[in-house]
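Observations on chain architecture
Here are the chains, one letter per residue:
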Amino acid sequence: MDKSCTLLVHYDKGTPAVAKEIKEALEGNDVEAKVDAMKKAVMLLLNGETIPQLFITIIRYVLPSEDHTIQKLLLLYLELIEKTDSKGKVLPEMILICQNLRNNLIHPNEYIRGVTLRFLCRLKETEIVEPLTPSVLQNLEHRHPFVRRNAILAVMSIYKLPNGDQLFVDAPEMIEKALSTEQDPSAKRNAFLMLFTCAEERAVNYLLSNVDKVSDWNESLQMVVLELIRSVCKTKPTEKGKYIKIIISLLSATSSAVIYECAGTLVSLSSAPTAIRAAANTYCQLLLSQSDNNVKLILLDRLSELKSLHRDIMVELIIDVLRALSSPNLDIRRKTLDIALDLITHHNINEVVQMLKKEVVKTQSGELEKNGEYRQMLIQAIHACAVKFPEVASTVVHLLMDFLGDSNVASALDVVAFVREIIETNPKLRVSIITRLLDTFYQIRAGKVCPCALWIIGEYCLSLSEVESGISTIKQCLGELPFYSVSEESEPTETSKKIQPTSSAMVSSRKPVILADGTYATQSAASETTFSTPAVVQGSVTSGNLRTLLLTGDFFLGAVVACTLTKLVLRLEEVQPSKTEVNKTVTQALLIMVSMLQLGQSPASPHPIDNDSYERIVLCIKLLCHRNDEMKKIWLESCRQSFVKMISEKQLTEMAELKAKTQTTNAQPDDLIDFFHLKSRKGMSQLELEDQVQDDLKRATGEFTKDENDANKLNRILQLTGFSDPVYAEAYVTVHHYDIALEVTVINRTKETLQNMCLELATMGDLKLVERPQNYSLAPGTSMQIKANIKVSSTETGVIFGNIVYETSNVMERNVVVLNDIHIDIMDYISPAVCSEAAFRTMWAEFEWENKVAVNTTIQNEREFLDHIIKSTNMKCLTAPSAIEGECGFLAANLYAKSVFGEDALVNVSIEKQTDGALSGYIRIRSKTQGIALSLGDKITLKQKGSS
C-alpha cells in the first residue's frame, strides 16, 4: 500500500544529490551547509529514494543542533522516513528519536514546541506517540497561543489513532475545559474542531449554550460551526429548526466566506421560503460586492440552481441579479442574462426591458473592445422578452433599429431578425417599423443584413406611399445606372483601380455551406470588415450601400433586390390607379435588373455572376414582362404565409419545451393530506413552521423518494470474469461528469486464502486512474468490494481493462485472471442542446474534424431512421418538423448536442430512398476535437442497423 504524502517540494532532477556529499556536510560544523544537506535529503526521500545510511549521522550530528531551521528540517526528515518494518512493527532505532521529541516538547522556546506538536499530528505509530502523551497534555496550558493551538491538534490526531481513546481517556473533557477558558481565536477553533470530530455531543452542547455569541466568533470558528450544523442535521433532521436560526444569525457576519457557506447550508437544509429568500439575497449581495470573476461565476451557478428549484422566490430578485451586468466580463453577463430570462413574468417584464435598454445605450458610448458582442447578447435577450410578452415590443423595436447599421454584423443580423418577427406578430407596429426601416436603410452596410431588410420592405410595404418610398429608397441606394460604362469595359486596368477602394471593405469568397435543409451549396459570400469611404463611381455620385455591395460581386444580394422590386411593382399595380405610373416604374425596375446582369457578365466585376442569381433575376424580368393573377398570388401571399407558419411552429415548439420543463411530480389520489394549520405551534418560530410544512409537502409529492430505479442500477452492473474462474468479479459503474466510480465486487471461489490480491487496471483514451492499486487478503468463499476512481478529461469513448493478480500459500507464483473490458459510452457525456441556425452554420464551417458515415440500415422509412439516430446519439433535431414532413423520397436534418466539457457535436443526416425501398446516403459528424467525431461515428455505425 502506498504511503500518504503530507509534503510537496519542487525537486530538480537534473542535479541529483549524492548521499556521501550529504553525509559529509552533516558531519561538519557549518550551519548553512547542514541546512542545505538536510533539504537535499528531504527531497531525495520525497522522490522515492531510500538513504538508510544517513539515519545514524543525523541522530549524532543534527539532533543536538539548536538552530530552528535545522530542527524544522529534522522533523520533516523524520516524517518521511520508514518507521516500521515489513510486518508493521516499529523499528528499534526509532526509540532514539523519542527522547529528542520529549525534550522538544518541554523546550523553553515556543517555536520548537509548536513545530514538534505539529509533527506529532502526522505520526501514525502508537508506540512512538505513547511515551510523549504527558508532555503533550502539559502544553495545553502553555502561555503562548502558538503552542496551545498545536497541542490541541496533537491531542485530536492522537485520540483518532487506533486505541487512541485509551491513551487519552479524558481528552474530550480536557479540551472542553480548555475551550471554555481559551481566548486565542485559532486555538478556540482547533478545540471546537476536536470536540466536533471526537465528541460531537459536547460540541453541540457548547454551541447551544453560546448561541448568542456565535455571530461575534472568529471566521475560522464560524466555519467549523457550519460544518457541525450540517453534520448534526443529517443525523437528526427533526432538530434542524433551532440550527437554522443560528445560520440566519450568521448571515450578518463580516466574512464573505462565512456568508457564502451560510447560504449554501440554508439551501441544503431547508426549503422554507424565508430560508431560501435569505440565501438568494446573500448570493445577490456577494455578487455585487466581490470583484473576482471566478467568484461571481460560482455565485451565478448557485443562483441558477436556486432558480430551477425555487423559481417563485427568485422572481422577486430578478433586478438584483441583473445588477451583475455591471461586470465587464462577457461570461458573467451571459450567465446573468440566461438566469434573468427564465425569471421574467408579467409583473417584472417592464422593469427588465427598461434595464436592458439602458445597457444597450451604454454600449454605444463605451470604449470597451467587446461592446459589439455584449450588444448582440442584449439584443437577443430583448428579442426573447418581446416574443414572450409582445406588449413590450413597441418600447424597444425603434431603439434596436438604430443598430441595423452596426459594424458588428452578428449584432445587426439579430436586430433584423427581431424586426422581421415583430412586424408580423405586432400588426399595430407595422407602419412605424416600415417608415423607420426606409429612413435608416441606407445605413445598413452588411451584405448579410441587407437581404433580410429588403425582404421586409417587399412583404410589408402595403399602402401606395409605402410602396413608392420603398422603390425610391432602393433606387437611391443603387445609385445611377449603368453600374459601369462601355469605356470602363475597354479599360479593365482603370476599372479595377476605381473599384478597388470599395473592395477593401469586403473580401469576397466562394465556399461550400450547409443550407437549412441540410444540403450543400456553393455560396458567394462577402465577409465584412471595417468599411472604407464609398468610392466615387461613374457620374460622380457617391455610391449607396447596395451599389457598394454589388460592385464587390455580391450577386446574391442583386437577386434579392430584383425579387423585392418585383413584389413592390406587383403591389403598386394593385394600389396605383394610374397605369402610366405603373408602366414607368416597371421600366425602371427592368432597367435595374438588366444593369445587374450586365455588371455580372462584364470584366468590371471581381467575379462573374453565379447561375442561381442569374436565373433568379431573369425570372423576375420575365414576370414583370408577363404579369398574371396566379403569379401575383404566389409572390404576394405565399411567401408571407410560409413565414407565418414558421413563426407559429417555432412558438409551439417553445411552448412544448416550457411545459416539459415545468412538469412536477403531483401527489397521488390516495396520498395523506396533512393540514398544517391544525398542528401544534407551541415553541415553534415562523421559520421552523415553514420548514416543517415544506418537508411535509416534499414527502407528499415524492421528492424524498426520488432514488434511482433499481432496474437502472442492475443495467450498470458488468460481469468482469467467468463463472468458472477461481475469482469472480463484477463491477457497478457510476458515471459522474468528470469522473467514473467503479465498485468492483470480488468473490473468492476457491478453498484457499488469496494473498496479495490486487486489482490492476489500465485505461485507453482520455481516462486516467486516480489511485494506485492496493493489496488485499481474501478468505475462502468470502467477498469484498474494491473501489476505483477514474478521471475523464474529454468526450471520447474510453476502455478500462485489466486483471486480478493474487498468490496462494501452495503456489509461490502469481496467478492472473484477465478481466473483460469495460467500455465507457460517449452517450454518458452528451446531452441534447439547442442552437440557432446561424450558429450551427458558423460552427459547421469552422470545425475541422469531420467523420463521414455511409448509411447502411435495414430500416426503410426515412423518418423512422432519423428518429432512431436521434435516440441512439442522444441529440436534438434542429430541423423544424414541418421541413421533414411528407413522403418525397429524401430527407435532410441537422442534429446538435453538447458535452459536459462544453464541446459541440454537429451531425447532418442526408438520406434518400432507392427504388428497391432501401435507404442510402451519408451521416456527417463535425466537431472541434477528433475524439468526439470518431466516437460518435463509431456509435452511429454500431446502432444504425436498427438494433436497440
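Quick caveat, the model's predicted, so the values are computed rather than measured. (Residues numbered from 1 in each chain as written. Predicted model: local features only at pLDDT ≥ 70, side-chain atom pairs only at ≥ 80, totals over all residues. Heavy atoms only, no water.)

1. Details of the overall build of the chain
Our working definition: Put simply, DSSP marks the helices as runs of H or I at least four residues long and the strands as runs of E at least two long, and each gets a number from the N terminus on. Relative accessibility under 20% of the residue-type maximum defines a buried residue, over 50% an exposed one, and the middle range a partly exposed one, all with a 1.4 Å probe and only protein chains included. Note on areas: Shrake-Rupley with a 1.4 Å probe; residue coverage comes only from the protein chains shown.
When helices and strands are counted, the chain shows 40 helices and 20 strands. A burial count over the chain gives 46% of its 948 residues as buried. Of the roughly 48,400 Å² of accessible surface on the chain, a fraction of 52% belongs to carbon and sulfur atoms.

2. Things to note about the nonpolar core
Where a protein is soluble and globular, its nonpolar side chains tend to be buried together. Here is the rule we go by: Here, nonpolar core refers to any group of buried Ala, Val, Leu, Ile, Met, Phe, Trp, Tyr and Cys residues whose side-chain atoms link them within 4.5 Å. For this analysis, residues touch if any pair of their heavy atoms sits within 4.5 Å.
Within the largest apolar cluster, 213 residues are counted, with the highest numbers of intra-cluster contacts made by Tyr77, Phe192, Leu207, Leu546 and Met593. It is helix α32 (residues 555-575) that provides the largest number of residues to this core, a total of 12 residues. The contacts of methionine 593, once residues within four sequence positions are left out, are Ala562, Leu565, Thr566, Ile617, Cys620, Ile621 and Leu624. Counting 27 residues, the second-largest nonpolar core is a separate cluster that includes Leu720, Ile740, Leu759 and Ile786.

3. Things to note about helix α25 (residues 409-425)
Quick reminder of the rule: The length a helix should cover is 1.5 Å for every residue beyond the first.
Under the 1.5 Å per step criterion, the end-to-end length of α25 is 24 Å for 17 residues, consistent within 8% with the ideal 24 Å. Along α25, the positions that sit buried rather than exposed are Val409, Ser411, Ala412, Asp414, Val415, Val416, Phe418, Val419, Glu421, Ile422 and Ile423.

4. Description of the sheet that holds strand β11 (residues 783-792)
Counted only if it meets this: Being paired, for any two strands, means DSSP has found at least two bridges between them. Note on definitions: angles span 0 to 180 degrees between N-to-C directions of axes, and those axes are lines fitted to C-alpha atoms, for helices only across the stretch in contact.
A sheet is described by the order of its strands in space; here five strands give the open sequence β5-β6-β7-β11-β9, paired in antiparallel fashion. For this open sheet the edge positions go to β5 (717-719) and β9 (767-769), each flanked by a neighbour on one side alone. Sheet twist, expressed as the mean angle between neighbouring strand axes with direction ignored, is 30 degrees. As paired elements, β5 and strand β6 (residues 727-735) share three bridges and run antiparallel to each other. The residue bridging glutamine 719 from the neighbouring strand is glutamate 730, located in β6.

5. Topic: the packing of aromatic side chains
Put simply, the rule is: Within 6.5 Å between ring centres, the rings of Phe, Tyr and Trp (the latter by its six-membered ring) count as paired, and their orientation is classed by plane angle as stacked under 30 degrees, edge-to-face over 60, tilted in between. Criterion for a charge above a ring: Lys NZ or Arg CZ within 6 Å of the ring centre, and within 35 degrees of the ring normal.
For the structure shown, the criterion picks out nine aromatic pairs. Measuring from centroid to centroid gives 5.5 Å for phenylalanine 723 and tyrosine 728, while their planes differ by 10 degrees, and the two rings are stacked. Sitting above the plane of the tyrosine 922 ring, lysine 852 keeps its charged end 4.3 Å from the centroid.

6. Here we look at the environment of leucine 590
Mapped onto the fold, leucine 590 is located in helix α33 (residues 579-600). Here the alpha-carbon distance between leucine 590 and cysteine 620, two residues 30 residues apart in the chain, equals 8.6 Å. Setting aside anything within four residues of it in sequence, one finds leucine 590 in contact with Ile621, Leu624 and Cys625.

7. Considerations on the pairing of strand β7 (residues 739-748)
β7 sits mainly inside the fold: seven of its 10 residues count as buried. In this sheet, β7 lies alongside β6 in antiparallel orientation, the contact comprising nine bridges. When the sheet's bridge partners are listed, threonine 734 is paired in β7 with alanine 741. Bridge count for β7 against β11 is nine bridges, and the pairing is antiparallel. When the sheet's bridge partners are listed, threonine 745 is paired in β11 with glutamine 785.

8. Some details on unusual backbone geometry
Residue leucine 481 is joined to proline 482 through a cis peptide bond whose omega torsion reads -5 degrees. Structurally, proline 482 can be placed in the loop between α28 (464-478) and α29 (486-490). In the Ramachandran plot, asparagine 756 falls in the positive-phi region, its phi being about 50 degrees despite a non-glycine side chain. Of note in this structure, asparagine 874 is not a glycine but carries a positive phi near 55 degrees. In this structure, asparagine 874 sits in the loop between α39 (862-873) and β17 (876-877).

9. Some points on the packing of helix α12 (residues 185-198) against helix α14 (residues 219-235)
How we decide: Throughout, the term roughly parallel applies to angles under 35 degrees, roughly antiparallel to angles over 145, roughly perpendicular to angles from 65 to 115, and oblique to all others. The hand of a helix crossing depends on one turn: near helix anticlockwise from the far one by less than a right angle means left-handed, and clockwise means right-handed. Gly is placed with the polar residues, together with every amino acid not listed as nonpolar (Ala, Val, Leu, Ile, Met, Phe, Trp, Tyr, Cys and Pro) or charged (Asp, Glu, Lys and Arg).
At a minimum axis separation of 9 Å, α12 and α14 run at an interaxial angle of 15 degrees. Looking at the two axes, α12 sits roughly parallel to α14. The handedness of the crossing between α12 and α14 is left-handed. Between α12 and α14, the residues in contact are Lys188, Arg189, Phe192, Leu193 and Phe196 and Ser220, Leu221, Val224, Val225, Glu227, Leu228 and Ser231, respectively. Tallied by class, residues from the contact of α12 with α14 come to seven nonpolar, two polar and three charged.

10. Considering the confidence of the model for the chain
Let me state the cut-off plainly: A residue's pLDDT is the predictor's confidence in that residue, given on a scale from 0 to 100.
Model confidence for the chain is summarised by a mean pLDDT of 81, while 84% of its residues fall at 70 or above. Across residues 488-511, confidence stays below pLDDT 50; counting only partners more than four residues off in sequence or on other chains, it has 51 contacts. Per-residue pLDDT stays below 50 along residues 523-542; that stretch engages in 56 contacts with residues further than four places along the chain or on separate chains.

11. Considering the pattern of salt bridges
For clarity, the cut-off: By convention in these notes, a salt bridge is any Lys or Arg side-chain nitrogen within 4 Å of a carboxyl oxygen on Asp or Glu.
Applying the stated criterion across every chain, the model contains 28 salt bridges. A salt bridge links aspartate 36 to lysine 40, with the shortest nitrogen-to-oxygen separation between them at 3.6 Å. Here aspartate 36 and its partner lysine 40 are both found in helix α2 (residues 31-46), four residues apart, which amounts to about one turn of the helix. Classification of aspartate 36 by relative accessible area gives partly exposed; the value is 39%. The partner of arginine 430 in a salt bridge is glutamate 466, and the shortest N-O contact between them spans 3.0 Å.

12. Some thoughts on the packing of helix α6 (residues 110-120) against helix α9 (residues 145-159)
Viewed as axis vectors pointing N to C, α6 and α9 meet at an angle of 20 degrees, and their least axial separation amounts to 8 Å. By the angle class used here, α6 and α9 are roughly parallel. Here α6 runs over α9; the crossing is left-handed. Of the residues in α9, those in contact with Glu110, Tyr111, Arg113, Gly114, Val115, Leu117, Arg118 and Leu120 of α6 are Phe146, Val147, Asn150, Ala151, Leu153, Ala154 and Ser157. A breakdown of the residues in the contact of α6 with α9 according to their chemical character gives nine nonpolar, three polar and three charged.

13. Observations concerning the state of the cysteines
Our working definition: When two cysteine sulfur atoms are found within 2.5 Å, that pair is recorded as a disulfide.
This model, assessed by the stated rule, comprises zero disulfides. With no disulfide partner, cysteine 563 has as its closest neighbouring cysteine sulfur the one in cysteine 620, 3.9 Å distant. Residue classification places cysteine 563 among the buried residues on the basis of a relative accessible area of 9%.

14. Topic: the environment of aspartate 612
By secondary structure assignment, the location of aspartate 612 is in helix α34 (residues 611-625). Here the alpha-carbon distance between aspartate 612 and alanine 559, two residues 53 residues apart in the chain, equals 8.6 Å.

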